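Observations on the model geometry
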Amino acid sequence: SFQTLRFCDVSNNAIQNDASDILENFPPNIERFFASNSKIYGSLPASLNSLSKLSPPNIEQFLASNSEIHGSLPDSLNSLSKLRQFDMSSNALSGILPGFADSILSLQELDLSNQKNGFTGSIPKDLWRFQSLKILNLASNKIEGPIPPDIGKMTALEEFDLSNNRLVNAIPSELGQLAGSLKHLGLSNNMFTGSIPSELGQLQGATVLLKLKENNFYDSSKTAPLGLCTLRNVKEFDLATDPNLCPIERNALSDFYYSTKGAEWTDITDWLDEYASYCDWHGVTCDDDKQHVTELELSNNGLSGRLNESIRHLTFIEKLDLSDNDIKGSIPKEIGLLSELTYLRLSYNAFTGTAECLEELTKLQLLHLNSNRITGMPNMTQLDKSEYNESTFVSDCGVPSAFDETPECENCTMCCNANDDCYPQEVTPFEKMGLTYITFPAVFFVSFIVICCMVALSLYLFGKRKNRGNDLTMSAERRLEEDDNYALSRIGKESVYSYFVTDMVFGWLIAFATLGIQVGILVFFIKASEANLQEDTIDIQFTWKCPRDSDVCKDKADLTNAGWVIFSLLMIAFLAKDMINGCKLIYHSSKVRHTIGARIRYFIGGMGLCSITLFALYVSTVYNKAIATSNTAIIANSVIVLFIMEIDEYTFSAVDAINEKWTEHAADKEVSKMKKEIAMQRAQIELADKEVSKMKDEIARQRAQIESQQEEIDNQRKDLRMLREAVEKIQESQTVAAVASASDSESAECEDNTGAQQVEEQVDQITMPSEAEQKIQELNAAASTSSNTTSACAAHESITTHAAES
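What counts and what doesn't
Residues numbered from 1 in each chain as written. Predicted model: local features only at pLDDT ≥ 70, side-chain atom pairs only at ≥ 80, totals over all residues. Heavy atoms only, no water. Helix = DSSP H or I, 4+ residues; strand = E, 2+ residues; numbered from the N terminus. Buried < 20%, exposed > 50% of the residue type's maximum accessible area, 1.4 Å probe, protein only. Pairing = 2+ DSSP bridges. Axes fitted to C-alpha atoms, helices over the stretch in contact; angles between N-to-C directions. Core = buried A, V, L, I, M, F, W, Y, C linked by side-chain atoms within 4.5 Å. Expected span 1.5 Å × (residues − 1). Contact = heavy atoms within 4.5 Å. Phe/Tyr/Trp six-rings, centres within 6.5 Å; stacked < 30°, edge-to-face > 60°. Salt bridge = Lys/Arg side-chain N within 4 Å of Asp/Glu carboxyl O. Polar contact = N/O pair within 3.5 Å; in protein donor to acceptor, adjacent residues only side chain to side chain. Disulfide = S-S within 2.5 Å.

1. Quick look at unusual backbone geometry
The residue after Val 399, namely Pro 400, is reached through a cis peptide bond having omega 0 degrees. The residue Lys 261 is not glycine, and still its phi comes out positive at about 55 degrees. Mapped onto the elements, Lys 261 comes out in the loop between α3 (248-259) and β17 (284-286). For Lys 290, which is not a glycine, the phi torsion comes out positive at approximately 55 degrees. On the secondary structure map, Lys 290 appears in the loop between β17 and β18 (293-297). Look at Lys 290 and you get partly exposed, because its relative accessible area is 47%.

The following block contains the structure:
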């Protein structure tokens, strides 16, 4: 019946009754009255105290929203002590908000929003007394004045909406005391000034609506509180996307702070200050207009946690240095969107996964990814290496590695290993030609052999033209026999390479085998010094360091120019002789007088000697450049390579120990020939000695005959003198006889003629010994011949002595 009716719902109907009639005829025990979304019109009764006639008034819920009720609320609702929900939103009420007495403090929801005429005046200062009030909605009215700070005492308030009014002054910071209960705060479209209180950011899970230009926050030089902008606590903030009040880069930095556990940082000066410019935060640098972040340097600052995707909003950043921290997880792909980035250091962290996203950074000039756990390196072909040189792109692509398989990094300029030691990964001149340390010497020696062949052939043709028409003389033929000995002296008589100048097949096999062993050993050194820093077989010493506090990698090796000078002197001292002798042997092979076989032997011997010498020099240089870390190390490495060059001599000694005949054929062939020749010369000398002895006996006999004939000549000379004396006496007697008579002159003349004839006959007999003188001359000639023979003997004795010395 009407008297016992407790619940009445006439909402969502087309009832057209005057509100006063309805309210003045309420059932006495009504508790809930719903008349929303109807066509109730008219005004409220002058006083709701008329409800007190229905003693006692038990109304708890009065809902009459979205109707056409106008007028004002009565001055007091004191009689409605049990009222919990009062909703007359979306009507045409007006006037001043009434005061609320202590008798209805149980009110939990008061909604007077969206009035066509609108309430005026200010918010009652004693509104805070409604400690049970959960919803207070006064939006879309004409309320003026400030918000009473005591509203912050309404700790049960969940929804507080004052938007679309004429409220002024600053928003009271006391509203932050509603944290924990308030879920919706609507203050938009008012006339607030000053700064937005940072305490609003403490409204956990709340929706905060402050937007539209009627709120003059734009006139403030400060931004909105960071807590509101980042929505760290609140659910929604309608100005969060406003670039003036909530710069997106500040929000990104705030997210970065929380994702990297900013509370544990070493230095957090000004970070997360609610109003301070983010350009003043530690490690942050902005452009001249203080609008955009250009640098973020937080090296060695205790960062941990992970990087999140909000970093993509730092679109103007050029330098990002997060090295020497403990950031984990993968590198967010959003970093690849930072198109202005030129400097990126993420080294000495704990990043994992791959970094291919960085390939989009086309302006990057420096990238450090070393000392992480990144397995996939980006292909940074666009890196400009002119400014940072070896330090341009550093990653963990060296050995020993922390991974089972060392990551490959084709474009890295520096590869570091698990020990944080590094080595530059340079493109060698050989690689620029499409060669390696191994293929380059192969190409070089093929070219060298071709050139030597052309030179030797040219010299041969020149010599042949020069000697055209000239037969080999006996001395030239003898020279042919001496050529092998000359070749042996050039290539070394105590080296297995001496077999190259012989026609001994077994010796050639030994020589080639030794040459192959030497080359094979030296190839191991080349492979160990190959610039493939991902191979475990390399001997390269990682002597570079990329410090945590610097972006420049430095070589810590103690090798100086003095070490290279000593290295050069060692190479010259030990290899120059072999190189010169090899060249001489190649030149020697071009002589016209040689047979084709001899020329081939000499050429191969010279080429072998030159080639292994040049190869040893090449290997020693490359190996020392790769692994030598000090002056003593370069000397030690050089000695090792030079020892390998002695293998041919040690092999020769081993062959000699096995069978001396094998080495004699190679080294002592000419010595054997010389020994035979010396023996023949000695036999000839002995025959010559016998002939000399015979000649000496003949000379002695002839001398004895000469002495006997000389004595005979002396006697004949004595007789001749005696005859001459007799003739003189006869001439004297003839002179005396001439004084005799003339008469006797004719007879005396006749006698004198007869005597003279006798004297002449005697003189003729005396001169006969001239035959003896002729004999003496013959003997003298024989003596001269004997003297020549003696000289010949002396010559033989000299040859014999020389041969013995040889």
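Picking up after the structure, the text goes on.
2. Some remarks on the sheet that holds strand β22 (residues 350-354)
The strand order across the open sheet formed by three strands is β20-β22-β24, and the pairing between neighbours is parallel. At either margin of the open sheet sits one strand with a lone partner, and together these are β20 (328-330) and β24 (373-376). The mean inter-strand angle of the sheet, taken between neighbouring strand axes irrespective of direction, is 15 degrees.

3. A closer look at the nonpolar core
Residues Phe 62, Met 88, Phe 160, Leu 210 and Phe 237 are the most contacted members of the largest nonpolar core, which totals 62 residues. Listed by contribution, the elements that provide at least two residues to this core are α1 (19-24) and α2 (226-229). Core analysis: the second largest hydrophobic core is formed by 59 residues, Phe 445, Tyr 602, Tyr 618 and Phe 652 among them.

4. As for the sheet that holds strand β4 (residues 61-63)
Ordered by their spatial adjacency, 10 strands build an open sheet running β1-β2-β4-β6-β8-β10-β12-β14-β15-β16, and the pairing between neighbours is parallel. The two strands at the open ends of the sheet, each matched to only one other strand, are β1 (7-9) and β16 (236-237). Here three bridges tie strand β6 (residues 85-87) to strand β8 (residues 109-111), and the two strands are oriented parallel to one another. Bridging across to β8, Asp 87 finds its partner in Asp 111.

5. Re helix α10 (residues 631-644)
With 14 residues, α10 should reach 20 Å at 1.5 Å per residue; the first-to-last C-alpha distance of 21 Å fits that figure. Three or more residues of α10 are buried, namely Ala 633, Ile 634, Asn 637, Ser 638, Val 641, Leu 642 and Ile 644. Where α10 is buried, its residues touch α7 (505-528), α8 (561-588), α9 (596-627) and α11 (647-658).

6. Quick look at α9
In this model α9 runs 46 Å from its N-terminal to its C-terminal C-alpha over 32 residues, within 8% of the 46 Å that 1.5 Å per residue would give. Burial runs high along α9: 24 of the 32 residues are buried.

7. A look at the packing of aromatic side chains
Per the stated rule, a full pass over the model turns up 25 aromatic pairs. Between Trp 271 and Trp 281 the ring centres are 4.9 Å apart and the planes differ by 40 degrees, which places this aromatic pair in the tilted class. Of this pair, Trp 271 sits in the loop between α3 and β17 while Trp 281 sits in the loop between α3 and β17, placing them 10 residues apart in sequence. With relative accessibility at 6%, the residue Trp 271 sits in the buried group. Note on Phe 440 and Tyr 618: the rings are 5.7 Å apart at their centroids and 40 degrees apart in plane angle, and the pair reads as tilted. With a gap of 178 residues between them, Phe 440 in helix α5 (residues 439-466) and Tyr 618 in helix α9 connect regions that are remote in the sequence.

8. Remarks on the pairing of β18
Sheet topology note: the β17/β18 ladder contains three bridges and is antiparallel. When the sheet's bridge partners are listed, Val 284 is paired in β18 with Leu 296. Hairpin connection, β17 to β18: the antiparallel pair is bridged by six residues, and Lys 290 has positive phi, about 55 degrees. Pairing of β18 with strand β19 (residues 319-321), which is carried by three bridges, proceeds in the parallel orientation. For Glu 297, the partnering residue across the bridge sits in β19 and is Asp 321.

9. Considerations on the pairing of strand β5 (residues 68-72)
In this sheet, β5 lies alongside strand β3 (residues 41-43) in parallel orientation, the contact comprising three bridges. Bridging from a neighbouring strand, Ser 43 pairs with His 70 of β5. Relative to strand β7 (residues 92-96), β5 runs parallel, the two being bridged by three bridges. Bridging across to β7, Ser 72 finds its partner in Ser 94.

10. Some thoughts on the pattern of salt bridges
Across all of its chains, the model carries 11 salt bridges by this definition. The partner of Lys 153 in a salt bridge is Asp 150, with the nearest N and O atoms 3.6 Å apart. For Lys 153, a relative accessible area of 41% translates into the label partly exposed.

11. Considerations on the side chain of Asn 308
Relative to the helices and strands, Asn 308 is located in the loop between β18 and β19. Reaching out from Asn 308, the side chain makes a polar contact with the side chain of Ser 310 at a distance of 2.6 Å.

12. Overview of the environment of Leu 642
Mapping Leu 642 onto the fold places it in helix α10. For Leu 642, a relative accessible area of 9% corresponds to the buried category. Those residues within four positions of Leu 642 in sequence are excluded, and the remaining contacts are Leu 570, Met 571, Phe 574 and Leu 575.

13. A short note on the state of the cysteines
This model, assessed by the stated rule, comprises six disulfides. Each sulfur of the disulfide joining Cys 229 and Cys 246 lies 1.9 Å from the other. Measuring handedness by torsion sign, the sulfur bridge of Cys 229 and Cys 246 sits at about -70 degrees and is left-handed. Separated by 17 residues along the polypeptide, Cys 229 in helix α2 and Cys 246 in the loop between β16 and α3 bring together distant segments of the chain. You'll find Cys 229 and Cys 246 in the same group, each marked buried. Across the disulfide from Cys 279 sits Cys 286; the S-S distance is 2.0 Å.

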